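Each chain is listed here by its residues.
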Amino acid sequence: MVKAPGQGNLPPAGGGAPGVRRALFRKRARSIGGVALSLGLTLLGLLLVTFIIGRVMPIDPVLKVVGERATQAQYDAAYQAMGLDRPIWEQFLRYMGEVLRGDFGRSISTGHQVTDDLRRVFPATFELALLGTLIGVFVGVPLGVVAAARRGGWIDQIARVVALVGYSMPIFWLGLMGLLLFYGMLGWVGGPGRQGIIYDGMVPSVTGMILIDSILAGDWGAFRDAFSHIILPASLLGYFSLAYISRMTRSFMLEQLSAEYVTTARVKGLSERRVVWGHAFRNIFVPLITVIALSFGSLLEGSVLTEIVFSWPGIGQYITKALLAGDMNAVLGGTVLVGTCFVLLNLLSDILYRVLDPRAK
């Protein structure tokens, strides 16, 4: 009797013997432990890098706190209070403990706790990046699939031009031109900022994302106003995202469309639509998740220029202003938050990979 590949490793129906169940439990425990260890080491490396950045920057954190008119005694007292007289390893352990407690210190620029500032600015960036990613996925994926299915055709040529322009054009230039055309000349979108003056502060903050909060409040006027402000910067980020997603989708699809199983499906008489979307596209779905997750992470950390051009009060603008002011607590807090999001996105894509592809389990 010929066994199917992997059949010999499957437990018998009904859960199998206790020894088999223990083996499966140990295998899953090792897998979960390996993921947890990898996640812990990655976050430890992130904290170490941000700690080193805070120490090598040519900015005196004590002078930023006490001011240039402080006496030497005041300077020394602040120096000891901040723990800078301790050994470097002790300073790192103290820094790690504070970060794990969610304490990034007080921002010199705003006078608030950095955690409170991040709680206020991060939802704005998350909302902007999420909408940009959705635009990139819903336009870029079908464009990449059709471009691959009609390789060399006019849709493929358009997809190449769109991707090339998306990669080569500076996003701040596109933002300025978009503001000039759609806001200054046509008046189709709202101006810079998240909301107009009339609706500013009118919607109670629940999630920090103004579109969702305005829906929860039932204030559709505020929703339309917020949407008119976010659609242009989100479309620009979405264009940058779809340029990457469409190219990767096209590349994955070309590899699948040249496989033997696709030829077999065509020989069997299946329609081209079913061959492309029902067979080839299903096999690129798993690697495409990683591409989308990386694209979303890059928008979270790379929307600085967009936020500056559109006066968007997000984390990119917050970190930039803090860096220019020498506010290292705010810089390190924002960096750790964005880096942690990137790590968690990679972890989420790995989990989805295992869920959707049984071979990865």
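Here is what the cut-offs are and how they apply
- Residues numbered from 1 in each chain as written.
- Predicted model: local features only at pLDDT ≥ 70, side-chain atom pairs only at ≥ 80, totals over all residues.
- Heavy atoms only, no water.
- Helix = DSSP H or I, 4+ residues; strand = E, 2+ residues; numbered from the N terminus.
- Buried < 20%, exposed > 50% of the residue type's maximum accessible area, 1.4 Å probe, protein only.
- Contact = heavy atoms within 4.5 Å.
- Areas by Shrake-Rupley, 256 points an atom, 1.4 Å probe, with all protein chains shown as cover.
- Lys, Arg positive; Asp, Glu negative; His and termini not counted.
- Charge placed at Lys NZ, Arg CZ, Asp CG, Glu CD.
- Salt bridge = Lys/Arg side-chain N within 4 Å of Asp/Glu carboxyl O.
- Core = buried A, V, L, I, M, F, W, Y, C linked by side-chain atoms within 4.5 Å.

Asks: Any details on the overall build of the protein chain? Residues and values, ideally.
Replies: Across its full length, the protein chain carries 14 helices and zero strands. Reading the protein chain from its N terminus to its C terminus gives the helix and strand order α-α-α-α-α-α-α-α-α-α-α-α-α-α. Over its C-alpha atoms, taken along the principal directions, the protein chain stretches across nearly 85 × 65 × 40 Å. Per-residue burial over the protein chain gives 38% buried out of 361 residues. Counting only contacts in the protein chain whose residues sit at least 6 apart along the sequence, the fraction spanning at least 24 positions is 70%. As displayed, the protein chain has an accessible area near 20,800 Å², and 65% of this comes from carbon and sulfur atoms. A gap of 15 Å separates the mean positions of the 32 positive and 23 negative side-chain charges of the protein chain.

Asks: How would you explain the pattern of salt bridges if you had to name every residue and give the values?
Replies: The final tally for this structure, using the stated rule, is eight salt bridges. Between R119 and D116 there is a salt bridge, with its nearest N and O atoms 2.9 Å apart. In this pair, R119 and D116 both sit in helix 5 (residues 114-149), three residues apart, roughly one turn of the helix. A residue is classified by how much of its surface remains accessible, and R119, at 57% relative accessible area, is exposed. We note a salt bridge from E272 to R266, for which the minimum N-O separation is 2.7 Å.

Asks: Could you give an account of the nonpolar core, with specific residues and numbers?
Replies: The nonpolar side chains of a soluble globular protein tend to be buried with one another. Ranked by internal contacts, the top residues of the largest apolar core, which has 40 residues, are Y95, I230, L300 and I315. Of all the secondary-structure elements, those providing two or more residues to this core are helix 1 (18-56), helix 4 (88-100), helix 5, helix 8 (210-217), helix 9 (220-257), helix 11 (272-302), helix 13 (315-324) and helix 14 (328-356).

Asks: Help me get a handle on helix 13, residues and values and all.
Replies: Along helix 13, the residues that are buried comprise I315, G316, Q317, Y318, I319 and A322. Looking one or two residues beyond helix 13, the residue adopting positive phi is G326, at roughly 70°.

Asks: Before we move on, can you summarise the environment of L118 with the specific residues and values?
Replies: With respect to the secondary-structure elements, L118 resides in helix 5. Accessibility expressed as a relative area gives 6% for L118, which makes it buried. Separated by 40 residues in the primary sequence, L118 and A78 have C-alpha atoms spaced 25 Å apart. Among all residues touching L118, those that are not within four sequence positions of it are F104, P123, I315, Y318, G333, G334 and L337.

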